[in-house]
Amino acid sequence: MQVELRGIHKYFGPNHANDNISLDIPSGTIQGILGENGAGKSTLMKILSGFMQADGGEILLDGKPVIIKSPADAIKHGVGMLHQDPLDFPPMRLLDNFLLGLPGGFFPNRKEAIQDFNLLIREFGFSLDPESYVDSLTVGERQQLEIIRLLFLGARVLILDEPTTGISAAQKEKLFATLKKFPEQAITVIFVSHKLEDVEKLCDQVAVLRQGKLVGEAKSPFSTKNLVEMMFGKEIILGARQTEGQEGSVLTLSDMGIEDVRLKIRGANLKVCRGEVIGLAGLEGSGQGPFLRACAGLLRTVAGRIQVNGQDLTGKSYHIFKKNGVEFLPAARLEEALVPGLTLTEHFVLAEKQNGVFIDHEKGRNMADERIKSFNIKGLPSSQVESLSGGNQQRALLSLLRDPLALVLIEHPTRGLDIESVIYIWRKLKERCRKGAAIIFISSDLEEILQYSDRVLVFFSGKVSQPLDAATITIEQLGQLIGGKNWPEQEA
Amino acid sequence: MTKNSRLINLGFQLAALVLAILFTTLILLAVGAPPLEAYKNIISGSVGSFKKFTDVLVSWVPLLLTSTGLLITFSAGLWNIGVEGQITLGAIATTWMLRLLQDSGLPPALIIVLSILGGMVGGALWASLTGVLKTFGGVNEIFGGLGLNFVATAFTLWLIFGPWKRPGVGSMSGTEPFDEALWLPMFPELRLSPWALVIALAAIVIVYLMLQGTYFGLRLKAVGKNFKAAYLLGIPTWQYMMISFMLCGALAGAAGAIQVTAVYHRLIPSISSGYGYLGLLVAMLVNYQAIWAVPVALFFAGLNIGSIQLPIVLKLDSSLSGVLQGMLVLFVLMVEGARQQFMRRS
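Residues numbered from 1 in each chain as written. Chains lettered and ligands numbered in written order. Predicted model: local features only at pLDDT ≥ 70, side-chain atom pairs only at ≥ 80, totals over all residues.

(A) Just the overall build of chain A, in detail. For chain A, the count of helices and strands is 17 helices and 21 strands. Computed over its C-alpha atoms, the radius of gyration of chain A comes to 25 Å, within 12% of the 23 Å expected for a compact globule of 492 residues. In terms of overall dimensions, chain A has a C-alpha envelope of 75 × 50 × 45 Å along the principal axes. Across the 492 residues that make up chain A, the buried fraction comes to 42%. Restricting to contacts in chain A with at least 6 residues of sequence separation, those with at least 24 account for 68%. (Helix = DSSP H or I, 4+ residues; strand = E, 2+ residues; numbered from the N terminus. Rg over C-alpha atoms; globule rule 2.2 N^0.38 Å. Buried ≥ 20, exposed ≤ 12 C-beta atoms within 10 Å, placed from the backbone. Contact = placed C-beta atoms within 7 Å.)

Here it is, written out as structure tokens:
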């Protein structure tokens, strides 16, 4: 089936998630959609599969304009989407999952369904037992179940969202082999990914999105350099870098191991000096999040040791880390870092050392006045934090940091902030560095990583790179590592 | 807050009250009862005479104590539905202390004080069970508390018909009444004890000050409003939750203790009299503003006492006060939602 998107627009408030995207996918093509997190890939696919409606533009299937109102509507038109987390019902049997969403009477014909099911799995060489339960399957097998279900429902366009995350190499081979058979049957595949390698191996053509816009298209064979440039933008002019690194180590990780549902990190080693800034790069979900939380004691490590200022804090709680001068600032400011409903003054009082039983409100207000001034927060001492803008919330969060500190761990310090706030926040952070605090931060903005870090760690599906010198590495090298290319073999 | 928005707020609150009364009126009409007559009876039954008003105060004391306790758990973001059982356990612990000490020869005043303190400890320990279930067992406090309420009721019945039964045969009328020397002193000719009033008022003042002006209160609010952020700010979150459960349990236990020492002078099967659930309504209505618990609890107690004579005069069930109280809470919550939307739009 041929898919045409014409001038698709989608807004989320002031955010232009899809900006005039037009794309032509001939029938029987494997089309790759590349882009960073937040580039607008998922939004575009959700529009095509009926999860949301576009604010402008039109969709044509086999040349006919269609209006897709819901996922059920989409499948009626022949568009099916395989989500990153398969939308199935783990406590039910495979067959029941298969029957769900099937149009038809009140009593499904199970016998017929089993026959259809077995026919399909034979065709693709899957081995699935219709009577077993979904929760006994691996993620790869659940994808297979979803694929045959969508095909059985009549999908002629199959959208796959990051399908290679969380499945084994062998399952990936099988998935790719299956997908490569589809063009013969005129089934169109849309493969959404941020993994360069997968896209290069599988796709006939690829479209690259950045900040909501379609920035380029390419046909197989691809030039990696070209793709990286399109994904991350090529012209980045960095300001003068300055380093505040000093003698003496604040944090030492030796052979640290972390496990979470999706990935494992093994043998992470790092020594961070006073005043140093370490940037953690990688696409979201590559392991940098758990890594940062482990450095704060918020996530229990499974191996290795963590030392802060020479003290072994392995396995201790965040509050012990905090006593030793470690602070963690999460990205979700209103969800995890600030208390909606409390005022700025109340936040300052909470962050300070307790002084007696009763709060000195007068002193609290004075402290708030002073901090609001020195951090240039646009708000009153009596403003509740949720009424502040994002940039001012982040400033408030920074103004809560105690003094002195050994180590500040920050998730996305400037995400969603205006440029003035970005510059201001980094000036404040660098001031901390001059006083001897080290900073480790996560950012998906490569420019920010290269501009402000002294050294960079790159994460890719749980693998951690050696610390790279930010002064010498180029944005292209970084982009390739982030996309999973050029990793030394022994680290795999 | 500007003067204008305050007026708007007041308008919305009044609208809730009017809606609740209108809805209750509809129900009265539906069952064929004269609404005006019913309201008149409730008013004359609660403030019609000085004696009646003191009866309202008798009911106000345990309700205010319970609501005060619930303000603490509400601040910590907890739905302490188990408060009903905490009242009951407070009453049981008080009865147990009284039985233990009544023949000890200690001065009666001391015995009463010890018994009330015992009731508070009993309530606190019972509340800590809910806390432990939540913190270490992952059982939501609503389910844990509700379950423990049933256990508390069963425990009361077992005591009344088992080990503590009246000489001869146990009955639903409760255990053997205590000697008058062990009653909390009353105003002459009335059922009201000045000491009970003092305890309730002291409790609300202390809790008000605690929530308004102390580090403890502020941290508790932080835990209630954003658990994760509170932890990152360095507050030991589960310990604070546990303490708030126990403080609430202690105040509920005090309510139970007063039911035993000042009202019934014995343990009866329904010793908690639903003050726990009613206290939840009061706490929801005052929405963290502790001082408002005083008039709201008084209003609810008035409705309770006033509706007692409905069955006699109008052959209506006295649960009408419950209908009105429930409606009031529902409409206040609904109107609050409407107000927030209104404010956002304007």
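(B) Molecular detail of the domain arrangement of chain B. As far as domains go, chain B holds domain 1 (1-33 + 318-346) and domain 2 (60-301). Distance between the C-alpha centres of domain 1 of chain B and domain 2 of chain B: 29 Å. (Domains from an automatic or database assignment.)

(C) Quick look at the interface of chain B and chain A. Listed by partner, the interface residues are 16 residues for chain B and 19 residues for chain A. For the side of chain B that touches chain A, the elements supplying multiple residues, two or more each, are helix 8 (215-225) and helix 9 (227-232) of chain B. Counted by class, the side of chain B that touches chain A contains eight nonpolar, four polar and four charged residues. (Nonpolar A, V, L, I, M, F, W, Y, C, P; charged D, E, K, R; others polar.)

(D) The arrangement of the environment of Lys 221 of chain B in detail. Tracing the backbone shows Lys 221 of chain B in helix 8. Considered as a pair, Lys 221 of chain B and Ile 81 of chain B are 140 residues apart in the sequence and their alpha carbons are 19 Å apart. The residues contacting Lys 221 of chain B, other than those within four sequence positions of it, are Leu 342 of chain A together with Ser 75 of chain B.

(E) Summary view of the pairing of strand 2 (residues 15-25) of chain A. Residues and elements named next belong to chain A. Here strand 1 (residues 3-12) pairs with strand 2 via seven bridges, running antiparallel. In the sheet register, Tyr 11 faces strand 2, and the bridge partner there is His 16. The turn linking strand 1 back onto strand 2 is made up of two residues, and Gly 13 within it adopts a positive phi angle of 60°. (Pairing = 2+ DSSP bridges.)

(F) Layout of the sheet that holds strand 9 (residues 205-210) of chain A. Residue and element names in this part refer to chain A. Read across the open sheet, the six strands follow the order 6-7-8-3-9-10; overall the sheet is mixed. Two strands in the sheet have a free side with no partner beyond their single neighbour: strand 6 (79-82) and strand 10 (213-219). Sheet twist, expressed as the mean angle between neighbouring strand axes with direction ignored, is 20°. (Axes fitted to C-alpha atoms, helices over the stretch in contact; angles between N-to-C directions.)

(G) A look at helix 3 (residues 50-75) of chain B. All names here are of chain B. For helix 3, which comprises 26 residues, the first-to-last C-alpha distance of 36 Å matches the rise-based estimate of 38 Å (1.5 Å per residue) to within 8%. Within helix 3, the axis deviates most sharply at Trp 60, by approximately 30°, and proline Pro 62 lies no more than four positions further along. Counting buried positions along helix 3 gives 21 out of 26 residues, so the element sits mostly inside the fold. Positive phi appears at Gly 77, one or two residues downstream of helix 3, with a value of about 75°. (Expected span 1.5 Å × (residues − 1). Bend = angle between axes of the 7 residues up to and from the residue.)

(H) Examining the environment of Ser 27 of chain A more closely. All names here are of chain A. Note that Ser 27 resides in the loop between strand 2 and strand 3 (30-34). Between the alpha carbons of Ser 27 and Val 189 there is a distance of 9.0 Å; along the sequence they are 162 residues apart. If we skip the residues at most four places from it in the chain, Ser 27 touches Met 1, Gln 2, Ala 186 and Thr 188.

(I) Quick look at the packing of helix 4 (residues 83-101) of chain B against helix 5 (residues 108-137) of chain B. Residue and element names in this part refer to chain B. Close contact between helix 4 and helix 5 brings their axes to 7 Å; oriented N to C, the two are set at 145°. Judged by the twist between their axes, the crossing of helix 4 over helix 5 is right-handed. Judged by residue contacts, Gly 85, Gln 86, Ile 87, Leu 89, Gly 90, Ala 91, Ile 92, Ala 93, Thr 94, Met 97, Leu 98 and Leu 101 of helix 4 engage Ile 111, Leu 114, Ser 115, Ile 116, Gly 118, Gly 119, Met 120, Val 121, Gly 122, Gly 123, Trp 126 and Ala 127 from helix 5. Classifying every residue of the contact of helix 4 with helix 5 by side-chain character gives 15 nonpolar, nine polar and no charged. (Left-handed = near helix turned anticlockwise from the far one by under 90°.)

(J) Structural view of the nonpolar core. Judged by nonpolar contacts, the single largest core of 226 residues is most densely connected at Leu 409 of chain A together with Val 282 of chain B. The leading source of residues in this core is helix 10 (residues 237-264) of chain B, at 17 residues. Setting aside residues up to four positions removed in sequence, Leu 409 of chain A forms contacts with Leu 292, Cys 295, Ala 296, Val 326, Phe 328, Leu 329 and Ile 440 of chain A. (Core = buried A, V, L, I, M, F, W, Y, C linked by C-beta atoms within 7 Å.)

(K) Highlighting the sheet that holds strand 2 of chain A. Residue and element names in this part refer to chain A. Taken together, the four strands give an open sheet; going across it, the order is 2-1-4-5, and neighbouring strands pair in antiparallel fashion. Two strands bound the open sheet, and with one partner strand each, they are strand 2 and strand 5 (64-66). Each neighbouring strand pair of the sheet contributes to a mean axis angle of 30°, computed without reference to strand direction. Two strands pair when backbone bridges link them, and strand 1 and strand 4 (residues 56-61) are joined in this way by five bridges, in the antiparallel orientation. Each residue of the ladder has a partner; that of His 9, found in strand 4, is Gly 56.

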